[in-house]
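Listed below, chain by chain, are the residues.
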Amino acid sequence: MVRIIGENITRMVSKKEGKEDTVSAGANISDQKSDSAQGLSNAEAAMRLSRDGYNEILEEKTHPFLKFLKYFWGPIPGMIEVAIVLSAINHEWADFYIILALLIINVLVGFFQEYNADNAIEHLKSRLALRARVLRDGSWVQIPSRELVIDDYIRLRQGDIVPADVTLCGTGYLLLDESVLTGESLPVEKKESAIAYSGAIVKRGEMDARVSSIGMKTYFGKTATLAEKSADEGQFQKNIIKIGNYLIRVALILAVVIFLFAFFRHEDLRLTLQFILILVVASIPAGLPAILSVTLAIGALNLARKEAIVRKMTAIEEMASMDILCVDKTGTITENNITVSRVKTIGKYSERDVLCYGVLASRKEDVDPIDAAIIAKASDDQSCTKLLASYTVKSFTPYDPVSKYSQAEIIYKNKRLIVAKGAPQVILALTKKDAKIHALVEKQVEFFASSGERALGVAVKKGSHWEYAGILALYDPPRSDSAETLRAAQEMGVDVKVITGDYQAVTQNIARKVGIGDRIIAVKTLNDSSDSYIALKLANGVSEVFPEDKYTIVKVLEDHDHIVGMTGDGVNDAPALKKANIGIAVANATDAARASADLVLTRPGTTVIIDAITESRNIFQRMHNYALYRIAETLRIMLFITLSIALLGFYPISAIMIVLLVLLNDLPIITIAYDTVVAHPKPVRWEVKKMLKMATFLGIIGVISSFTFLYIGLHVLHLSKTLVQTLLFLKLAIGGHLLLFAVRTEGPFWGVAPKRSLLIATIGTQIIATIIAVYGIFIAPAGWDLALFVWLYAILLFLITDLIKVAIYKRMNQ
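Let me sum up the structure you'll find in this document. Please read these numbers as outputs of a predicted model, since none were measured by experiment.

### A look at the overall build of the protein chain
Thought 1: Helix and strand counts for the protein chain come out as 30 helices and 22 strands.
Thought 2: The 814 residues of the protein chain split such that 55% are buried.
Thought 3: The long-range fraction of contacts in the protein chain, counting pairs at least 24 apart against all pairs at least 6 apart in sequence, stands at 72%.

In structure tokens:
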């Protein structure tokens with residue numbers, strides 16, 4: 001499996017597959033390619049692709065055989081292998097073969113679980129493919145960047161990530177962020193003939209370029225192999241691993257106690273050491289990494305089916321704890337289906353003039369929703385279409401978030417004009433100061449905003465002075481599902497805040513309609529506040545923000561122990577997306593925004609975010625259940641065996657029984673990654689103290705019930721020690737699986753029905769354990785009568801334990 005490495009490449013997400021962006025050929029291409037103005041032909045590109053290979057950077061992969069050896073060697077290197085050798089030395093051949101079977105099963109289960117998880121992750125990464133706009137056969141089309149070949153002509157614009165080493169051509173400039181390559185934080189300006197390196201982010205500008213190097217021959221490709229990236233590890237994973245380490249320490253301490261007692265009693269140390277090694281291996285959560293990987297991978301695939309691509313697995317973990325979600329307005333809450341609803345003229349200019357100037361300051365091939373709305377409105381007016389044919393565009397400067405306007409130089413009747421469109425106040429600043437026009441613009445902007453319409457100023461420069469031509473009213477209605485999904489998020493304990501660059505009145509109108517609330521503050525009010533956190537906490541949203549303000553908002557909230565999700569779509573949203581606990585790139589976001597996000601949405605709207613919250617809480621619950629079960633089960637078995645040996649000098653179960661218990665327990669545990677759970681209604685965090693208290697209670701109950709059963713077997717039923725060992729083996733096997741059902745919910749065990757796979761695995765292993773005990777396979781036979789007694793005893797203790805568990809949880813939650 002080949003995958004693209006580097007944080008700036010692997011995190012890219014393509015637009016919906018198969019979607020092409022076809023525009024007129026030859027636009028803005030310089031004379032450098034005058035001999036190939038149509039670009040490469042598809043046939044020529046295919047030949048070069050076959051000759052030179054794909055434009056990708058190959059990652060050093062761990063060979064499957066080495067992964068297999070990792071699992072063969074085990075969680076504590078060589079421990080189980082030493083137990084096998086000691087069994088052979090002691091001529092305990094039954095133990096030898098069963099322990100060997102345990103080792104092989106652990107290896108196969110661990111290897112294939114990780115293999116499947118890796119395949120799931122690779123499937124997701126195959127959808128995180130950077131795409132490029134390339135000139136082929138005279139048309140601009142979008143293709144996967146890995147299919148670029150040398151001498152291809154591509155178009156780079158704001159928000160793109162440079163897909164290969166390229167030579168810039170044509171007029172204009174690019175402001176490039178090359179920090180991922182050079183470590184230099186300041187953007188670098190580059191013009192015609194300069195080299196733009198693969199991995200750089202276009203912060204501003206738009207140019208065409210010719211591909212000069214691809215794949216491992218790029219600057220990034222040559223340096224990528226010199227550095228290794230460590231995998232991100234979230235709090236979720238850290239806590240699970242801490243629990244695993246805790247169980248290992250407990251097992252080793254109790255093993256030392258058993259060894260010391262055996263030593264001072266002058267017992268056969270070879271047999272004792274063999275028993276201890278098997279006991280420790282049985283207590284170590286060897287399946288924990290596999291279960292964690294598979295559970296997260298399954299969650300990621302579930303989200304992918306709902307059109308949310310997980311870029312970082314830690315995002316799934318963090319979303320379970322997310323308590324504040326900062327959402328953008330346009331395209332997230334609204335439909336991003338912008339229309340020009342009204343045109344307000346100023347001075348001598350007509351509606352036709354304003355629309356024509358607006359079209360000239362737009363570019364169709366950029367597929368910008370605002371530009372598309374203006375062009376669509378103008379196309380409905382035949383006189384406007386006719387007038388546009390008489391204009392010639394000489395140059396075009398695209399919109400950027402800093403200047404907040406776009407402009408074009410045009411020729412009309414041999415006269416040079418410059419037209420601009422952008423934020424009304426910014427356009428107003430271009431024109432000469434006129435109090436009357438200033439008041440008119442302000443009044444009109446407020447009027448549009450009160451109806452939820454966004455204003456866009458249009459101006460024209462004739463000679464040396466700019467003149468305000470008019471204002472376009474843009475309306476983007478709320479999505480039909482926004483109110484419902486945002487209400488669902490609030491019911492799940494997530495405080496939703498709208499963060500937008502739009503005007504306060506527009507934001508209030510939309511926020512009110514979707515149920516977020518109308519306590520919208522302007523970013524200036526926030527910055528002037530003596531306590532920005534309190535202002536943020538009380539507000540339903542912040543308006544008129546710049547991209548850098550989003551970063552500040554996230555930082556303030558995180559500094560006060562909130563887990564924050566932030567949506568974004570622009571290149572300048574990248575810092576806020578990186579800073580947020582969960583950065584979410586919305587549908588149609590720029591490559592730079594997607595590169596910085598943890599979760600990438602390929603479907604518009606907020607519904608998929610709710611799906612992600614629910615899925616993450618389900619995963620949290622599954623891993624919580626597993627951790628609680630594992631701690632309680634380890635304490636239940638290890639404490640009972642250790643105390644029995646130390647206080648009574650009696651080995652309650654043999655080494656071969658421990659191996660059989662491990663084999664029987666591992667199968668149901670694997671299915672916990674698929675188990676049915678009920679997502680917590682509020683954000684969840686690890687409550688380790690609470691978990692340890694409950695695990696300790698469950699473990700102690702198990703120890704007490706095992707000693708009670710031991711007493712009944714030896715002193716009430718007067719059974720032989722070997723027969724009591726068999727019954728204890730069956731009791732521990734049944735009790736362990738019943739314990740798994742008890743830890744699945746804080747309420748009664750029947751409150752949440754288990755997944756069929758878990759139920760079948762549990763019932764199947766219990767049948768096997770009963771048959772082993774009844775017919776004495778590898779151990780002393782017990783018969784059906786005693787086996788039935790064990791079943792009744794285990795079920796009675798399980799019901800009592802579950803009742804007490806419910807009572808303790810109620811007390812804890814109070």
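### Structural notes on unusual backbone geometry
Thought 1: Positive phi, normally seen in glycine, also occurs at S193, with a value near 80°.
Thought 2: Here S193 is to be found in the loop between β6 (188-190) and β7 (195-196).
Thought 3: Of note, H718 is a non-glycine position whose phi angle comes to about 55°, a positive value.
Thought 4: Turning to its location among the elements, H718 is positioned in the loop between α27 (688-716) and α28 (721-742).
Thought 5: The class of H718 is exposed, set by a relative accessible area of 62%.

### Remarks on the sheet that holds strand β10 (residues 324-327)
Pairing between the strands of a sheet is mediated by backbone hydrogen bonds and can be parallel or antiparallel.
Thought 1: The strand order β9-β22-β21-β20-β10-β17-β19-β18 describes an open sheet built from eight strands, whose pairing is mixed. Among the strands making up the open sheet, the edge pair consists of β9 (308-310) and β18 (520-522). On average, each strand axis in the sheet is tilted by 20° relative to the strand beside it, whichever way the strands run.
Thought 2: Relative to strand β19 (residues 541-543), strand β17 (residues 495-499) runs parallel, the two sharing two bridges. Considered in β19, the bridge of I499 is made with V542.
Thought 3: Against the sheet, helix α19 (residues 504-513) makes contact with β17, β18 and β19, and its axis sits at roughly 165° relative to β18, the strand it touches most.

### Looking at a nonpolar patch on the surface
Thought 1: Taken together, the side chains of L759, I763, I767, I771, Y775, I777, F778 and W784 present a nonpolar region at the surface, about 790 Å² in accessible area.
Thought 2: With respect to the helices, strands and loops of the structure, L759 is situated in helix α29 (residues 756-775).
Thought 3: The class for L759 is partly exposed, based on a relative accessible area of 36%.

### Regarding the sheet that holds strand β16 (residues 465-475)
Thought 1: Strands sit in the order β11-β16-β15-β14-β13-β12 across an open sheet of six strands; the sheet is antiparallel. The open sheet has two free edges, formed respectively by β11 (339-345) and β12 (392-397), since each of these has just one partner strand. When the angles between neighbouring strand axes are averaged without regard to direction, this sheet yields 25°.
Thought 2: Where β12 meets strand β13 (residues 405-412), five bridges bridge the pair, whose relative direction is antiparallel. Of the residues in β13, the one forming a bridge with T392 is I411.

### Re helix α18 (residues 482-491)
Thought 1: Turning to α18, its buried residues number three or more, namely S482, T485, L486 and A489. The arc that holds the buried residues of α18, viewed along the axis, is 95°, so those residues lie on one side. Facing away from the buried side of α18 by over 90 degrees, the exposed positions are E484 and E491.
Thought 2: Residues of α18 that are buried sit in contact with α12 (329-333), β17 and α25 (607-648).

### Description of the environment of T606
Thought 1: Inspection of the secondary structure assignment puts T606 in the loop between β22 (599-601) and α25.
Thought 2: In this structure T606 comes out as buried when scored by relative accessible area, which is 3%.
Thought 3: For the pair T606 and T485, spaced 121 residues apart in sequence, the C-alpha separation works out to 6.5 Å.
Thought 4: Those residues in contact with T606 that sit more than four places away from it in its chain are T332, S482, T485 and L486.

### A word on the environment of S145
Thought 1: Looking at where S145 falls in the secondary structure, it is placed in the loop between β2 (139-144) and β3 (153-157).
Thought 2: Residue S145 is classed as buried on the basis of its relative accessible area, which comes to 4%.
Thought 3: Along the backbone, S145 and A164 are 19 residues apart, and their C-alpha atoms lie at a distance of 8.1 Å.

### What about the packing of helix α26 (residues 655-670) against α29?
Thought 1: Running from N to C, α26 and α29 cross one another at 160°; their axes reach a closest spacing of 8 Å. Comparing their axes, α29 and α26 come out roughly antiparallel. Seen along the crossing, α26 lies across α29 with a hand that is right-handed. Between α26 and α29, the contacting residues are L660, L664, L667 and P668 on the first element and L758, A761, T762, T765, I768, A769 and I772 on the second.

### Focus: the packing of aromatic side chains
Thought 1: A full pass over the atoms with the stated rule returns eleven aromatic pairs.
Thought 2: Seen from their ring centres, F749 and W750 are 5.2 Å apart, and the 80° between their planes marks the pair as edge-to-face.
Thought 3: Taking relative accessible area as the criterion, F749 reaches 24% and is therefore assigned partly exposed.
Thought 4: W750 sits in the exposed class, given a relative accessible area of 60%.
Thought 5: Within the aromatic cluster, the residues linked to one another by ring pairs are F709, F789 and Y793.

### Here we look at the pattern of salt bridges
Thought 1: All chains considered together, the criterion is met by 19 salt bridges.
Thought 2: Across the pair D160 and R133 runs a salt bridge, and its minimum N-O distance is 2.1 Å. Taken together, the positions of D160 in the loop between β3 and β4 (165-169) and R133 in strand β1 (residues 131-136) put the pair 27 residues apart, joining distant regions of the chain. R133 carries the same exposure label as D160, and that label is buried.
Thought 3: Where R363 meets E206, a salt bridge forms, and the shortest distance between an N and an O atom there is 2.5 Å. Here the residue R363 occupies a position in the loop between α13 (351-360) and α14 (369-379), and E206 occupies one in strand β8 (residues 201-213), the gap between them amounting to 157 residues.
Thought 4: Under the relative-accessibility criterion, R363 is labelled buried at 10%.
Thought 5: Residue E206 is classed as buried on the basis of its relative accessible area, which comes to 12%.

### Focus on the pairing of strand β15 (residues 453-462)
Thought 1: With respect to burial, β15 is a largely interior element, seven of its ten residues being buried.
Thought 2: Of the pairings in the sheet, the one linking strand β14 (residues 415-422) to β15 comprises six bridges and is antiparallel in character. For L417, the partnering residue across the bridge sits in β15 and is K462.
Thought 3: Across ten bridges, β15 lies against β16 in antiparallel orientation. If you follow V460 over to β16, its bridge partner there is E467.
Thought 4: In sequence, β15 turns back onto β16 through a hairpin of two residues, with G463 there showing a positive phi of about 80°.

### Considerations on the environment of A308
Thought 1: Secondary-structure assignment places A308 in strand β9.
Thought 2: On the accessibility criterion, A308 (0% relative accessible area) is buried.
Thought 3: As a C-alpha pair, A308 and D611 span 303 residues in sequence and 9.0 Å in three-dimensional space.
Thought 4: Setting aside its immediate chain neighbours within four residues, A308 contacts L303, L599, V600, L601 and V608.

### Points about the nonpolar core
Thought 1: Counting residues in hydrophobic clusters, the biggest one holds 112 residues, and the most contacted among them are M319, I653 and F729.
Thought 2: With residues near it in sequence (within four places) discarded, F729 still touches I653, M657, L660, L661, L664, A769, I772 and I779.
Thought 3: V359, A378, C384 and L417 belong to the second-largest nonpolar core, a separate cluster that totals 30 residues.

### Examining α25
Thought 1: Taking 1.5 Å of rise per residue, the 42 residues of α25 would be expected to cover 62 Å, and the 61 Å separating its terminal C-alpha atoms lies within 8% of that figure.
Thought 2: In terms of burial, α25 is a largely internal element, 36 of the 42 residues being buried.
Thought 3: Once α25 ends, the next one or two residues include G649, with phi positive near 65°.

Thresholds applied
Residues numbered from 1 in each chain as written. Predicted model: local features only at pLDDT ≥ 70, side-chain atom pairs only at ≥ 80, totals over all residues. Heavy atoms only, no water. Helix = DSSP H or I, 4+ residues; strand = E, 2+ residues; numbered from the N terminus. Buried < 20%, exposed > 50% of the residue type's maximum accessible area, 1.4 Å probe, protein only. Contact = heavy atoms within 4.5 Å. Pairing = 2+ DSSP bridges. Axes fitted to C-alpha atoms, helices over the stretch in contact; angles between N-to-C directions. Patch = residues over 30% accessible without salt bridge, like charges linked within 9 Å, V, L, I, M, F, W, Y side chains within 5 Å. Areas by Shrake-Rupley, 256 points an atom, 1.4 Å probe, with all protein chains shown as cover. Salt bridge = Lys/Arg side-chain N within 4 Å of Asp/Glu carboxyl O. Arc of directions from axis to C-beta. Parallel < 35°, antiparallel > 145°, perpendicular 65-115°, else oblique. Left-handed = near helix turned anticlockwise from the far one by under 90°. Phe/Tyr/Trp six-rings, centres within 6.5 Å; stacked < 30°, edge-to-face > 60°. Core = buried A, V, L, I, M, F, W, Y, C linked by side-chain atoms within 4.5 Å. Expected span 1.5 Å × (residues − 1).

The values reported here are purely geometric and, on their own, carry no functional implication.
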